[in-house]
Amino acid sequence: MTRATFHMRNDPADVDRAVVALKCHVANALGTAGLFRFELSLAEALANVVKHATTSAPDAPVVIEFEVTRDAVQVEICDPIGAAPFDLRDHAHPLESIDLLAEEGRGLGLILNATDHMDYRRKADRMCLFLTFLKSKD
Amino acid sequence: MIKTLSHDAGVTVVRPGAERLSAANAKAFKDEVAQLIESGSAQLVIDLSGVSFVDSSGLGALVGLLKKIGYRGDLAMAGLNADVAQMFRICRMDKVFKIYPTVDQAAEKMADAL
């Protein structure tokens, strides 16, 4: 089992760098399909945090922790301190219900679609998104 | 950011000029291509062969460009890698866009339809 912690600036321009770095760290833990689901979920989730996490401390980083176990890759994305809670399950729309010509609104549905388990709850002083990717789904 | 190439029969090929089309650059990409459309380019092929990843914002930008072209021209995709093609399928964009394996095939089909 391995654990690691990353910090991402609360800035849209830092999302891609963070996603690529995280993907490199789980490259040996997931297969091709799993890595695709991982990259997609992380990209959408981190972009969503940056977009919605209105915070009194804009310089506070987004903290990302992940753990690779025998069966799964588990990711925790913690909102910046002071950010208003945003449970994406309350806002996501099924992908099949979205107008084909809509220009937005797919991101949250993609996260739900691409992860094997998702939770959003308080951890210490922050609200955190928990994403699980099962190795058996590869 | 974008790079453009003129192809046969008035077809313009657009390369995003970035390896990822994501929330960080989707708006800039859309604005640049929209400017191209406003300046008269109406037959566009988006060459995604150099793009390894597209997120929902990237897809949204492409949909916006398709709507901007509307009936005045055509917009096709070419060169999707396996992950980008999968993203298009998951979001049903394979039902929205004309998608070709290569830029040449896309441009040829577009020229034939003129």
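The model shown is predicted, which means the values in this text are computed figures rather than measured ones.

Each value, and the rule that gives it
- Residues numbered from 1 in each chain as written.
- Chains lettered and ligands numbered in written order.
- Predicted model: local features only at pLDDT ≥ 70, side-chain atom pairs only at ≥ 80, totals over all residues.
- Heavy atoms only, no water.
- Helix = DSSP H or I, 4+ residues; strand = E, 2+ residues; numbered from the N terminus.
- Rg over C-alpha atoms; globule rule 2.2 N^0.38 Å.
- Buried < 20%, exposed > 50% of the residue type's maximum accessible area, 1.4 Å probe, protein only.
- Contact = heavy atoms within 4.5 Å.
- Areas by Shrake-Rupley, 256 points an atom, 1.4 Å probe, with all protein chains shown as cover.
- Lys, Arg positive; Asp, Glu negative; His and termini not counted.
- Charge placed at Lys NZ, Arg CZ, Asp CG, Glu CD.
- Buried area = accessible area lost by both parts, 1.4 Å probe.
- Salt bridge = Lys/Arg side-chain N within 4 Å of Asp/Glu carboxyl O.
- Polar contact = N/O pair within 3.5 Å; in protein donor to acceptor, adjacent residues only side chain to side chain.
- pLDDT = per-residue confidence, 0-100.
- Disulfide = S-S within 2.5 Å.
- Pairing = 2+ DSSP bridges.
- Axes fitted to C-alpha atoms, helices over the stretch in contact; angles between N-to-C directions.
- Phe/Tyr/Trp six-rings, centres within 6.5 Å; stacked < 30°, edge-to-face > 60°.
- Lys NZ or Arg CZ within 6 Å of the ring centre and 35° of its normal.
- Patch = residues over 30% accessible without salt bridge, like charges linked within 9 Å, V, L, I, M, F, W, Y side chains within 5 Å.

A. Region of interest: the overall build of chain B. If you tally the helices and strands in chain B, you get 4 helices and 7 strands. Reading chain B from its N terminus to its C terminus gives the helix and strand order β-β-β-α-β-β-α-β-α-β-α. Scaling as 2.2 N^0.38, a compact globule of 114 residues should have a C-alpha radius of gyration of about 13 Å, and chain B matches this with 13 Å. Taking all 114 residues of chain B together, the buried fraction comes to 52%. Taking the intrachain contacts of chain B between residues at least 6 apart in sequence as the baseline, contacts between residues at least 24 apart amount to 71%. Total accessible area on chain B is roughly 5100 Å²; 48% of this is exposed by carbon and sulfur atoms. In chain B, which carries 13 positive and 13 negative side-chain charges, the distance between the mean positions of the two groups comes to 7 Å.

B. Examining the interface of chain B and chain A more closely. Facing the 21 residues of chain B at the interface are 23 residues of chain A. Of all residues in chain B, the largest losses of buried area upon contact with chain A belong to Arg20, Phe53 and Arg92 of chain B, amounting jointly to 28% of the total for that side. At the junction of chain B and chain A, the tally comes to 4 salt bridges. For the salt bridge of Asp16 of chain A with Arg20 of chain B, the shortest nitrogen-to-oxygen distance reads 3.0 Å. Remark: the boundary between chain B and chain A carries 10 residue pairs in polar contact (both at pLDDT 80 or more). Only α2 (56-69) and α3 (82-90) of chain B provide two or more residues apiece to the side of chain B that touches chain A.

C. Structural detail: the confidence of the model for chain B. Averaged over all residues, the pLDDT of chain B is 95; the fraction at 70 or higher stands at 100%. Model confidence for the complex is summarised by a pTM of 0.94, with the ipTM given as 0.91.

D. Summary view of the state of the cysteines. All names here are of chain A. Under the definition given, this model contains 1 disulfide over all chains. Between the sulfur atoms of Cys78 and its disulfide partner Cys128 the distance amounts to 2.2 Å. What sets the handedness of the Cys78 and Cys128 disulfide is the S-S torsion sign, and at about 100° it is right-handed. Note that Cys78 is positioned in strand β3 (residues 72-78) and Cys128 in strand β5 (residues 126-134), a separation of 50 residues in sequence. Owing to a relative accessible area of 7%, Cys78 belongs among the buried residues under this scheme.

E. Structural context of the sheet that holds strand β4 (residues 117-123) of chain A. Residues and elements named next belong to chain A. Strand order in this open sheet of 5 strands is β1-β2-β3-β5-β4, and the pairing throughout is antiparallel. Each edge of the open sheet is held by one strand with a lone partner, namely β1 (2-8) and β4. Each strand of the sheet is rotated relative to its neighbour by a mean of 20°, with strand direction disregarded. Of the pairings in the sheet, the one linking β4 to β5 comprises 7 bridges and is antiparallel in character. Each residue of the ladder has a partner; that of Asp119, found in β5, is Phe130.

F. Local environment of the packing of aromatic side chains. For the coordinates displayed, the defined rule picks out 3 aromatic pairs over all chains. Ring geometry for Phe88 of chain B versus Phe97 of chain B: centroids 5.9 Å apart, planes at 55°, classification tilted. Each of the two residues, Phe88 of chain B as well as Phe97 of chain B, counts as buried. The ring of Phe130 of chain A has Arg121 of chain A lying over it, and the distance from NZ or CZ to the ring centre is 3.8 Å.

G. Inspection of the side chain of Asp87 of chain A at higher detail. Residue and element names in this part refer to chain A. Looking at the element boundaries, Asp87 is found in the loop between β3 and α3 (107-114). Given the relative accessible area of 16%, Asp87 is considered buried. A distance of 2.9 Å separates a polar atom in the side chain of Asp87 from a polar atom in the side chain of Arg89. Setting aside residues up to four positions removed in sequence, Asp87 forms contacts with Met118 and Tyr120.

H. Quick look at a negative patch on the surface. Residues Asp8, Asp104, Glu108 and Asp112 of chain B make up a contiguous surface patch of negative charge. Of note, Asp8 of chain B is situated in the loop between β1 (3-6) and β2 (12-15).

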